[in-house]
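# Understanding the architecture of this molecule
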Amino acid sequence: MIELETLEAFEKHLRAGASLAHVVIQGLDLRRYTRELSTAALAGTVFLGCELEKDALQAALAHGALVFPPISGVPYQPYRGSLYTPEELYAGFDPAHPETYENTLDARIYRHWETQGRGTPPTLLETLAQRLHDHAITDAMEDLLAAEPSRKVVAIMGGHSMKRGQPDYRGVAMLARDLARAGFFLVSGGGPGAMEATHLGAWFSQRPESDLDAALAILAKAPSYTDREWLARAFEVRSAFPLGPRDEFACSSLGIPTWHYGHEPPNPFATSIAKYFANSVREDGLLTIARGGIVYAPGSAGTIQEIFQDACQNHYNSVGVISPMIFLGTEFWTRTRPVYPLLAQLAQGQEYARHLMLTDSREDVVKALLDYDRASLSAA
């Protein structure tokens, strides 16, 4: 089924003389297209949250179209046709006045989510709006990944409390930089800590290491996401080291945060942001799309939960791909958080046992993921 999610695509479809029958039109303001809609064949057409004038609405219903009306009273678009960008979520933020974050779309949606019962909305309409929103985000994310089928998706998981200025933070950023330079598409949970370091590394993949170190020095002035200037320092780096037109593809990355943890603003180094209300949907989707493998940097309960969710997918081959699980930090994963020995024991006799790795070497991580990618291409 054809999906039209922008006015540009809608107008192009009309100019081509193509039928609108059995087309899905999502979240568009179509009030200036009443004449075209009133005379079009609309059998089986689906309008998701579109703005329609009365005559166009009557014509749509008379022709058998399915019309889902816009939902008012919410600060988000339930039927949105694209992922978020940092520019959209942080519109109105002034780095010189960090308190202006409270006026941004990201902050307004979080406040709304809190007042509407957090994970248990008080009304069916709010519940429906959130579910429609999250479905639209998944659809947009799938469109993004389908547009770049040659780039294998690799995720880096790790703790939100990993501070800027720590060696682990720089190590994750350098690893992400190496992986992006090797052609991988980086994804993470989209928040602070190791997640931010992932997207920072991708952002700097086309720049020398000295530029990355200069950025790290700026970021270290506000080490934790709880610091008042955490977001301001990130925007200072973005301003000092902007992405040029030739860098946008190579330096792109996808953050997948959630308003469930809305007190942690999404980091602005991810060029696309798939932000969800339902954390369970977000986590499962993140693990599922990382078909090129997942690297686990040091983290706590959330990271460990993701490890065993990923292990379950691999153990039962529930998504059709058994992919690498690489643990960065031998001391951490065998003594501080001794997850690796348990996982290795669990994997005995299973195919994914040969895709487990424990290492302290960035080079080993990149080589393992490249080898897996080549083997996958050969098998296909």
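Structural data are supplied above this passage.
Here's a quick rundown of the structure.

The rules behind these values
- Residues numbered from 1 in each chain as written.
- Predicted model: local features only at pLDDT ≥ 70, side-chain atom pairs only at ≥ 80, totals over all residues.
- Heavy atoms only, no water.
- Phe/Tyr/Trp six-rings, centres within 6.5 Å; stacked < 30°, edge-to-face > 60°.
- Helix = DSSP H or I, 4+ residues; strand = E, 2+ residues; numbered from the N terminus.
- Buried < 20%, exposed > 50% of the residue type's maximum accessible area, 1.4 Å probe, protein only.
- Pairing = 2+ DSSP bridges.
- Contact = heavy atoms within 4.5 Å.
- Axes fitted to C-alpha atoms, helices over the stretch in contact; angles between N-to-C directions.
- Core = buried A, V, L, I, M, F, W, Y, C linked by side-chain atoms within 4.5 Å.

Before going further, it helps to examine the packing of aromatic side chains. In this structure the tally under the stated criterion is 14 aromatic pairs. With 5.9 Å between their ring centres and 85 degrees between their planes, Tyr-84 and Trp-259 make a pair best called edge-to-face. Taken together, the positions of Tyr-84 in the loop between β4 (66–68) and α4 (86–89) and Trp-259 in the loop between β7 (253–255) and β8 (272–273) put the pair 175 residues apart, joining distant regions of the chain. Each member of the pair, Tyr-84 as well as Trp-259, carries the same accessibility label: buried. Here Phe-327 and Trp-333 contribute two aromatic rings whose centre-to-centre distance is 5.6 Å and whose plane-to-plane angle is 80 degrees, an arrangement assigned as edge-to-face. Taking the relative accessible area as the measure of exposure, Phe-327 reaches 0% and is therefore buried.

The subject of this paragraph is the sheet that holds β8. Spatially, the seven strands line up as an open sheet ordered β8-β7-β6-β5-β9-β10-β11, and their pairing is parallel. If you trace the sheet from one side to the other, it starts and ends with β8 and β11 (356–359), each paired once. Bridge count for strand β9 (residues 294–296) against strand β10 (residues 325–328) is three bridges, and the pairing is parallel. Opposite Tyr-296, over in β10, you have Phe-327 as the bridge partner. Where helix α7 (residues 167–181) meets the sheet, its contacts fall on β5 (153–157), β6 (185–188), β9 and β10, and the angle it forms with β5 comes to roughly 180 degrees.

Another point: the environment of Val-187. Locating Val-187 in the fold gives a position in strand β6. The exposure class of Val-187 is buried, given its relative accessible area of 0%. Along the primary structure Val-187 and Ser-280 are separated by 93 residues, whereas in three dimensions their C-alpha atoms are 17 Å apart. The residues touching Val-187, leaving out its near neighbours within four places in the chain, are Val-153, Val-154, Ala-155, Ile-156, Thr-198, His-199, Leu-254, Leu-286 and Ile-289.

What follows concerns unusual backbone geometry. Excluding glycine, a negative phi dihedral is what most residues carry, and trans is how most peptide bonds are arranged. Phi is positive for Arg-118, which is not a glycine, with a value near 55 degrees. Examined against the element boundaries, Arg-118 turns out to sit in the loop between α5 (105–115) and α6 (124–146). Here the phi dihedral of Asn-317 falls at roughly 50 degrees; this positive angle occurs in a residue that is not glycine. Secondary-structure assignment places Asn-317 in the loop between α12 (301–316) and β10. Residue classification places Asn-317 among the partly exposed residues on the basis of a relative accessible area of 37%.

In terms of nonpolar packing, the biggest core is built from 50 residues, with Tyr-84, Leu-254, Tyr-296, Met-325 and Phe-327 touching the most fellow members. With residues near it in sequence (within four places) discarded, Tyr-296 still touches Met-157, Leu-287, Thr-303, Glu-306, Ile-307, Asp-310, Met-325, Ile-326, Phe-327, Leu-328 and Trp-333. Ranked by size, the runner-up nonpolar core spans 35 residues in total, among them Val-154, Val-172, Ala-202 and Val-237.

When you tally the buried positions in helix α10 (residues 230–240), you get eight out of eleven residues, the bulk of the element. Within the sequence span of α10, burial applies to Trp-230, Leu-231, Ala-232, Arg-233, Ala-234, Phe-235, Val-237 and Arg-238. Among the structural elements, α4, α8 (194–203) and α9 (209–219) are those in contact with the buried residues of α10.

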